[in-house]
Amino acid sequence: LSRARAAGALTCALVNVEDSPLAQAAELVVPLCAGEERAVAATKSYLAALVMGARLVQAWQPGPALARALDALPGTLEATLRAEPRARELAAQLAQASPQRLLVLGRGLHAGVADEVALKFQETAGLAALPFSTAEFAHGPARLADPQTPAVFFQARDATAPFTADTLRTLGGYGTPVTLIG
């Protein structure tokens, strides 16, 4: 960020700690106000950064669909919290299976989410979670799929849906146990 700023770029940092080195390096600082992180996973900061990013996009390129989604976000997050018993059930199933590795797949906007979810599995469970875009997965990493390697799969409802559905069918052909989100 410092190099980009020194080269003349307008730099902006989304930070949870306003006096962090990242904030000090940036020209513009946007505080996330997520509160103190008490775990390595820093999930609150990550979610706050996603929301702030969406709000910045809406400010730059206003659109009715994104505005509706942002307006609905508090209710969506509440519904997600109500799904915690199901998440605990899935986590227990995964823990009982004791896999050697876990595949985490998504495409488009969900590719970054897959990366972050894999990181959370690595940080909190010490699991060899491997994130892949479904686009790259078909070109080699699909060999990792088997009945002993579960997958967490993010299925979007956008232009990537037909492509991710193909990957989902491929996983089914390998007998991979899949937890589908989306």
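The coordinates are above.
Residues numbered from 1 in each chain as written. Predicted model: local features only at pLDDT ≥ 70, side-chain atom pairs only at ≥ 80, totals over all residues. Heavy atoms only, no water.

Visitor: Sorry if this is basic, but what is going on with unusual backbone geometry here?
Guide: Despite not being glycine, cysteine 33 shows a phi value in the positive range, around 55°. Following the sequence through the fold, cysteine 33 ends up in the loop between β2 (28-31) and α3 (43-60). Its identity is not glycine, yet serine 98 carries a phi of approximately 45°, on the positive side. (Helix = DSSP H or I, 4+ residues; strand = E, 2+ residues; numbered from the N terminus.)

Visitor: Hey, could you run me through the pattern of salt bridges in this one?
Guide: Once the charged atoms of two side chains with opposite charge are near each other, the side chains can pair. Summed over all chains, the structure comprises six salt bridges. Notably, a salt bridge pairs glutamate 89 with arginine 86, separated by 2.5 Å at the nearest N-O pair. With glutamate 89 and arginine 86 both in helix α5 (residues 84-97) and three residues apart, this pair spans about one turn of that helix. Under the relative-accessibility criterion, arginine 86 is labelled partly exposed at 43%. The closest approach of N and O atoms between lysine 120 and glutamate 116, which form a salt bridge, is 2.7 Å. With lysine 120 and glutamate 116 both in helix α6 (residues 109-125) and four residues apart, the pair spans about one turn of that helix. Judged by relative accessible area, lysine 120 falls into the buried class, the value being 15%. Exposure remark for glutamate 116: the relative accessible area of 16% places this residue in the buried category. (Salt bridge = Lys/Arg side-chain N within 4 Å of Asp/Glu carboxyl O. Buried < 20%, exposed > 50% of the residue type's maximum accessible area, 1.4 Å probe, protein only.)

Visitor: How should I be thinking about the packing of aromatic side chains in this particular structure?
Guide: By the definition in use, this model includes one aromatic pair. Taking 5.8 Å as the distance between ring centres and 55° as the angle between the ring planes, the aromatic pair formed by phenylalanine 132 and phenylalanine 137 counts as tilted. An identical accessibility class is assigned to phenylalanine 132 and phenylalanine 137; each is buried. (Phe/Tyr/Trp six-rings, centres within 6.5 Å; stacked < 30°, edge-to-face > 60°.)

Visitor: Honestly, the packing of α3 against helix α4 (residues 64-82) in this entry has me stumped. Any pointers?
Guide: Two measures define how a pair of helices packs: the angle their axes make with one another and the distance between the axes. Two numbers describe how α3 lies on α4: the axes approach to 10 Å, and their chain directions differ by 145°. In terms of crossing hand, the pair formed by α3 and α4 is left-handed. For the pair α3 and α4, the contacting residues are Val51, Ala54, Arg55, Val57 and Gln58 in the first and Leu66, Ala67, Leu70 and Leu73 in the second. The residue makeup of the contact of α3 with α4, split by class, is seven nonpolar, one polar and one charged. (Axes fitted to C-alpha atoms, helices over the stretch in contact; angles between N-to-C directions. Left-handed = near helix turned anticlockwise from the far one by under 90°. Contact = heavy atoms within 4.5 Å. Nonpolar A, V, L, I, M, F, W, Y, C, P; charged D, E, K, R; others polar.)

Visitor: Explain the sheet that holds strand β4 (residues 128-133) to me, please; I cannot follow it from the model alone.
Guide: Sheet strands pair via backbone hydrogen bonds, and the direction of the pair is either parallel or antiparallel. Taken in spatial order, the four strands line up as β4-β3-β5-β6 in an open sheet, and their pairing is parallel. Since the sheet does not close on itself, it has two edges, and those belong to β4 and β6 (178-181), each with one partner. On average, each strand axis in the sheet is tilted by 20° relative to the strand beside it, whichever way the strands run. With three bridges joining them, strand β3 (residues 101-106) and strand β5 (residues 151-154) adopt parallel strand pairing. When the bridges of β5 are listed, leucine 105 appears paired with phenylalanine 153. (Pairing = 2+ DSSP bridges.)

Visitor: Is there a simple way to think about the environment of leucine 130 in this case?
Guide: Counting through the fold element by element, leucine 130 comes out in strand β4. You can call leucine 130 partly exposed: its relative accessible area is 28%. Expressed as a C-alpha distance, the spacing of leucine 130 and alanine 114, which sit 16 residues apart in the sequence, is 8.9 Å. With residues near it in sequence (within four places) discarded, leucine 130 still touches Arg101, Leu102, Leu103, Val104, Ala118 and Leu144.

By themselves these figures say nothing about function.
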